[in-house]
Amino acid sequence: MSSSSNLAQSDAMPAAANDEALERAWSVLESVPDPEIPVVSIRELGILRGVARTEDGVLEVVITPTYSGCPAMAHIAEDIAHALEAAGLTPHRIKTVLAPAWTTDWITPPAREKLRAYGIAPPSGRCASTAVAGHEQAIRFVPRADASPSCPRCGSAHTERLSQFGSTACKALYRCVDCREPFDYFKPY
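Residues numbered from 1 in each chain as written. Predicted model: local features only at pLDDT ≥ 70, side-chain atom pairs only at ≥ 80, totals over all residues. Heavy atoms only, no water.

Remarks on the pairing of strand β6 (residues 171-176)
- Where strand β5 (residues 159-163) lies against β6, 4 bridges are found, and the strand directions are antiparallel. When the sheet's bridge partners are listed, Ser163 is paired in β6 with Leu173.
- Of the pairings in the sheet, the one linking β6 to strand β7 (residues 182-186) comprises 5 bridges and is antiparallel in character. Residue pairing in the sheet places Arg175 in a bridge with Pro182 of β7.
- Connecting β6 to the antiparallel partner β7 that follows it, the hairpin turn spans 5 residues, and Arg180 within it adopts a positive phi of roughly 70 degrees. (Pairing = 2+ DSSP bridges. Helix = DSSP H or I, 4+ residues; strand = E, 2+ residues; numbered from the N terminus.)

What follows is the structure, given as structure tokens:
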């Protein structure tokens with residue numbers, strides 16, 4: 001089951017009452033890979049936003065797409081459901097939320113290294129402005145002009161963009177001028 005809305009804090013029961021099930025759910029979902037980049041999990045990419053037990057006893061998993069219309073979200077929801085069912089964590093509900101919008105700032109440092117080792121240049125810089133307590137963060141959707149990804153294979157910063165779109169819409173296709181190898185660059189959002 002999937003819907004689009006914001007997860008209200010008041011909808012979740014206190015975590016202390018369900019710590020064991022919630023900890024197991026987080027652990028199980030840590031192993032759910034992104035279908036387009038299988039070396040990183042949905043948690044490491046920041047797609048997995050939360051896990052809570054609602055007042056009606058349902059385990060609610062909140063996910064946010066990397067961009068609106070991401071074709072992998074249905075597959076991700078299926079993978080989450082299969083993982084939870086295999087672990088005996090039912091009943092559950094998968095909720096898709098669009099706000100706040102996903103940003104590459106949510107990709108964990110270990111995931112950035114996994115991307116590099118896999119041959120994908122991780123996003124450079126930060127996209128969100130510095131948060132002010134109690135206020136929303138503004139997200140910059142246009143990368144800085146000086147942002148040039150380093151080659152994930154040889155480390156050279158001497159790279160050129162071949163196409164704004166790579167193997168998926170969230171990546172651009174680059175080539176290293178030094179080692180001449182093409183590579184995807186995970187575009188910063």
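Concerning unusual backbone geometry
- Here the residue pair Thr90 and Pro91 is connected by a cis peptide bond, since its omega of -5 degrees sits within 30 degrees of zero.
- When you line up the elements, Pro91 lands in the loop between α3 (73-86) and β3 (92-96).
- Omega for the peptide link from Ala99 to Pro100 comes to 0 degrees, which places this bond in the cis form.
- Inspection of the secondary structure assignment puts Pro100 in the loop between β3 and α4 (109-118).
- Not every positive phi belongs to a glycine, and Arg180 is a case in point at roughly 70 degrees.
- Position of Arg180 among the secondary structure elements: in the loop between β6 and β7.
- Judged by its relative accessible area of 46%, Arg180 is partly exposed. (Buried < 20%, exposed > 50% of the residue type's maximum accessible area, 1.4 Å probe, protein only.)

Things to note about the environment of Leu115
- In this fold, Leu115 is placed in helix α4.
- Along the chain, Leu115 and Asp184 lie 69 residues apart, while their C-alpha atoms are 9.8 Å from each other.
- Filtering out sequence-adjacent residues up to four positions away, Leu115 remains in contact with Ile37, Val40, Ile120, Pro122 and Phe186. (Contact = heavy atoms within 4.5 Å.)

Considering the pattern of salt bridges
- If you walk through the whole model with that rule in mind, you get 6 salt bridges.
- Across the pair Arg43 and Glu30 runs a salt bridge whose closest N-O atoms are separated by 3.3 Å. In this pair, Arg43 sits in helix α2 (residues 42-45) while Glu30 sits in helix α1 (residues 19-30), placing the two residues 13 residues apart along the sequence.
- A relative accessible area of 33% places Arg43 in the partly exposed class.
- According to the relative accessible area criterion, Glu30 is partly exposed, its value standing at 33%.
- With a shortest N-O distance of 2.6 Å, Lys114 and Glu44 are connected by a salt bridge. Here the residue Lys114 occupies a position in helix α4, and Glu44 occupies one in helix α2, the gap between them amounting to 70 residues.
- Classification of Lys114 as partly exposed rests on a relative accessible area of 35%.
- Through salt bridges with shared partners, a single ionic network connects Asp56, Glu60 and Arg93. (Salt bridge = Lys/Arg side-chain N within 4 Å of Asp/Glu carboxyl O.)

A look at the packing of aromatic side chains
- Tallied over the full model, the rule gives 3 aromatic pairs.
- A centroid spacing of 5.9 Å and a plane angle of 25 degrees characterise the contact between Tyr174 and Phe183, whose relative ring orientation is stacked.
- Exposure remark for Tyr174: the relative accessible area of 10% places this residue in the buried category.
- Overall, Phe183 belongs to the buried group, its relative accessible area being 2%.
- Measuring from ring centre to ring centre gives 5.5 Å for Tyr174 and Tyr185, while their planes differ by 80 degrees; the resulting arrangement is edge-to-face. With Tyr174 in strand β6 and Tyr185 in strand β7, this residue pair connects regions lying 11 residues apart in the sequence.
- Counting every residue linked through ring pairs, the aromatic cluster contains Tyr174, Phe183 and Tyr185.
- Its guanidinium or amino end placed over the ring of Trp106, Arg49 lies 3.6 Å from that ring's centre, counting from NZ or CZ. (Phe/Tyr/Trp six-rings, centres within 6.5 Å; stacked < 30°, edge-to-face > 60°. Lys NZ or Arg CZ within 6 Å of the ring centre and 35° of its normal.)

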